[in-house]
Structure formats: C-alpha cells, structure tokens
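Next come the chains, spelled out residue by residue.
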Amino acid sequence: MQIIAEHLIEIQVLDFDNSLLQMKNDHLDSPTCEPQYPRKFLNLCCKIQSSQSAQTVIPNRIPFSTYNSDDFQQKPLILNFLGAMLHPHPNYPISIPDYTAGGIKSLEYIGSLIDNFLVTDKDFWLFDYIVNAVFNDESHDAYHIFKVMSLIEMLIITPKGNGKTVGELERKLPQFLPDRIPVEERALFSEIVRKLRNKIGHGDFEAVQQLLDQYRNSFMQNFWYDEFEYSIENWTYGNICINLDSALNEILWLMLSDRAQLASVQMS
C-alpha cells in the first residue's frame, strides 16, 4: 500500500484565489454535492488528446482516473490498472515510467493551450460549458447525439444563421469526421445526423426510426449486430455517437490549437 501511495498522481486546484472558477463559486472549486472539477477537466483533456490531430503533436495518452474519493458507487480502477502494468499483453507492452511521464507531458501541453485560450470572461464561460457538457456521458443514445450535435453546431455554425443549419452543416462537418467514413459519404452522414438531431429535439420518434434505418443502409451494411449485447437500434446509436464524438474532439482541438482557423470555419 505504501508503494502504491507513493506512485499516485493527485490533481487539485491549489491556487483557487487566482482561479477563474471564482466566477462560478466564491468559496471553492468543487461544491461538495457536485462532481469534482479536476475530474471534469481531466475528462475533457482526455477527449481532446484522443483526436487524430492532437495525437500527431501529443501522442501520449493522458492518464485516466483510477480512484475518486467522492464516488462510492464505482469500483476503484487502481488494482485493474496495476494488474495490466504487471502482466501486460505481449503485443501492447506498458512501461509505467513512460506512461506517466508521457501522460503528464500531454496534459501540460493541453494546459498551456487552455491558458492561451482563456482571455476573456466569455472564453471562460464557453470553456466551462463544454467541460460540463462532455462530462459523465457514457450512454450512446438519442440524447447523446442531440447534445453532441448541439455542441458541434455551437462551435462551427455561423452565429448569424438564425439557427438554420441546412447545407451549412453538410459543408462544414465533413472535414472533422474520422477517416473511417469515406470522403464521398461524409456529406450524407452530416445530412442524416442533422435531421436526426432535429427530430430527436422535436420528439418525432417515427422520423427518428426512419433516419436510423437510412443510416444503417448507408453506413452499416456489413456491420455484425450482436443482439445479445445491444438491440439493433442501440448498435446504430452507438455507431453514430462514436463518429460524432470523434468529430467533436477534432473541433475542440482546433478551438484550442488554432482559434483563428476555427473562427474562419465558423464564418465561412
């Protein structure tokens, strides 16, 4: 236990008196009945680092959280993590020093980008909104699609468009989609998810089913559906969510690494 304790890395907000988090709460960074802000922050950094563009600059994965003293429901991951380190798969060797040092280096790099991004109060509120929106969202369902699509639209759609995204989303979203979607099919993907987001928002469940069927016919023809694990509907939602999450991660990386370029995309 002593050896484990000596090798743990703890993240805390130590200098709260000079923190922008005071704009939310005068007294502390994480009210006791809310998830700890460092956990939410670390979660966002992990998502940003996982983008394809970020990995060309910071390839080392940010260490994931193995223990949270406030979470009484989830089993701590420390023992599972140590087990993987002690008995790694032959094809995926893991070095604890390299993993830790590389992860910290990536975290420091993203932290410097965030420091440069936070210039005005508006920047902080945008960043904080995203931190909270992407936290603790493991369910791949209709509501995940609605939320992620809303974030994507917020970040890449022209603010003067009065909420009309037809054509604009099909033109802008494809450049952020993962390579597993062929270039010639990305506009169709964008059209389907735009319509799906709107139908989910309006509770049009019949149209939602039609769009899911269209998506399966267009993008999942060779997909193997294990209905002992998930229903066909949830396999479809999951496939869409994985692709949208990848696109959002790319957009968030661009927001921090090249703010002017993202603004250009938004206004184009």
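Above this text is the structure in question.
Undergrad: Explain the pattern of salt bridges to me, using residue names and the numbers behind them.
TA: Side-chain pairs of opposite charge can arise where the charged atoms are in close proximity. Counted by the stated rule, this structure contains eight salt bridges. Here Arg197 makes a salt bridge to Glu153, at a shortest N to O gap of 3.8 Å. Placement of the pair is Arg197 in helix α9 (residues 186–201) and Glu153 in helix α7 (residues 142–156), with a sequence separation of 44 residues. In this structure, Arg197 and Glu153 share a single accessibility class: buried.

Undergrad: Help me get a handle on the nonpolar core, residues and values and all.
TA: If you look at the biggest cluster of nonpolar residues, it comprises 59 residues, and the most contacted ones within it are Ile145, Ile152, Ile156 and Leu244. Every element with two or more residues in this core is listed here: α2 (37–49), α5 (96–117), α6 (121–133), α7, α9, α10 (205–219), α11 (232–257) and α12 (259–267). Ranked by residue count, the leading element in this core is α11, at twelve residues.

Undergrad: Can you lay out α11 for me, pointing to particular residues and giving the numbers?
TA: Spanning 26 residues, α11 covers 38 Å between terminal C-alpha atoms, matching the ideal 38 Å at 1.5 Å per step. Buried residues dominate α11, accounting for 20 of its 26 residues.

Undergrad: Account for α6, with residues named and values stated.
TA: Under the 1.5 Å per step criterion, the end-to-end length of α6 is 18 Å for 13 residues, consistent within 8% with the ideal 18 Å. Among the residues making up α6, those that are buried are Asp123, Phe124, Phe127, Asp128, Ile130, Val131 and Ala133.

Undergrad: So what about the packing of aromatic side chains? Which residues, and what values?
TA: How two aromatic rings sit relative to each other is given by the distance of their centres and the angle of their planes. Enumeration over the complete set of coordinates arrives at nine aromatic pairs. With 5.8 Å between their ring centres and 85° between their planes, Phe189 and Phe219 make a pair best called edge-to-face. Taken together, the residues span a long stretch of sequence, with Phe189 in helix α9 and Phe219 in helix α10 at a distance of 30 residues. One exposure class covers both Phe189 and Phe219, and it is buried. Taken together, the ring pairs in this structure connect Phe223, Tyr225, Tyr230 and Trp235 into an aromatic cluster.

Undergrad: Describe in detail the environment of Asn43, supporting the description with residues and values.
TA: Within the element layout of this structure, Asn43 appears in helix α2. Assessed through its relative accessible area of 23%, Asn43 is described here as partly exposed. Sequence separation of Asn43 and Ser65 is 22 residues, and the distance between their C-alpha atoms is 8.6 Å. Asn43 has contacts with Val134 and Phe135, leaving out every residue within four places of it along the chain.

Undergrad: Can you tell me about the packing of α7 against α9, naming the residues and giving the values?
TA: At a minimum axis separation of 9 Å, α7 and α9 run at an interaxial angle of 115°. When the axes of α7 and α9 are compared, the crossing they make is left-handed. Within the contact between the two elements, α7 uses Ala142, Ile145, Phe146, Met149, Ser150 and Glu153 and α9 uses Val193, Arg194, Leu196, Arg197, Ile200 and Gly201. Residues belonging to the contact of α7 with α9 are distributed by class as follows: seven nonpolar, two polar and three charged.

Undergrad: Residue-level account of the packing of α9 against α10, with values.
TA: The geometry of a pair of packed helices is captured by two quantities: the angle between their axes and the separation between those axes. Relative orientation of the contacting elements α9 and α10 amounts to 160°, with a least axis distance of 9 Å. The angle between the axes of α9 and α10 places the two elements in the roughly antiparallel class. Handedness of the α9/α10 crossing: left-handed. Along the contact surface, α9 presents Leu188, Phe189, Ile192, Lys195, Leu196, Lys199 and Ile200, while α10 presents Ala207, Val208, Leu211, Leu212, Gln214, Tyr215, Ser218 and Phe219. Of the residues assigned to the contact of α9 with α10, the class counts are eleven nonpolar, two polar and two charged.

The rules behind these values
- Residues numbered from 1 in each chain as written.
- Predicted model: local features only at pLDDT ≥ 70, side-chain atom pairs only at ≥ 80, totals over all residues.
- Heavy atoms only, no water.
- Salt bridge = Lys/Arg side-chain N within 4 Å of Asp/Glu carboxyl O.
- Helix = DSSP H or I, 4+ residues; strand = E, 2+ residues; numbered from the N terminus.
- Buried < 20%, exposed > 50% of the residue type's maximum accessible area, 1.4 Å probe, protein only.
- Core = buried A, V, L, I, M, F, W, Y, C linked by side-chain atoms within 4.5 Å.
- Expected span 1.5 Å × (residues − 1).
- Phe/Tyr/Trp six-rings, centres within 6.5 Å; stacked < 30°, edge-to-face > 60°.
- Contact = heavy atoms within 4.5 Å.
- Axes fitted to C-alpha atoms, helices over the stretch in contact; angles between N-to-C directions.
- Left-handed = near helix turned anticlockwise from the far one by under 90°.
- Nonpolar A, V, L, I, M, F, W, Y, C, P; charged D, E, K, R; others polar.
- Parallel < 35°, antiparallel > 145°, perpendicular 65-115°, else oblique.

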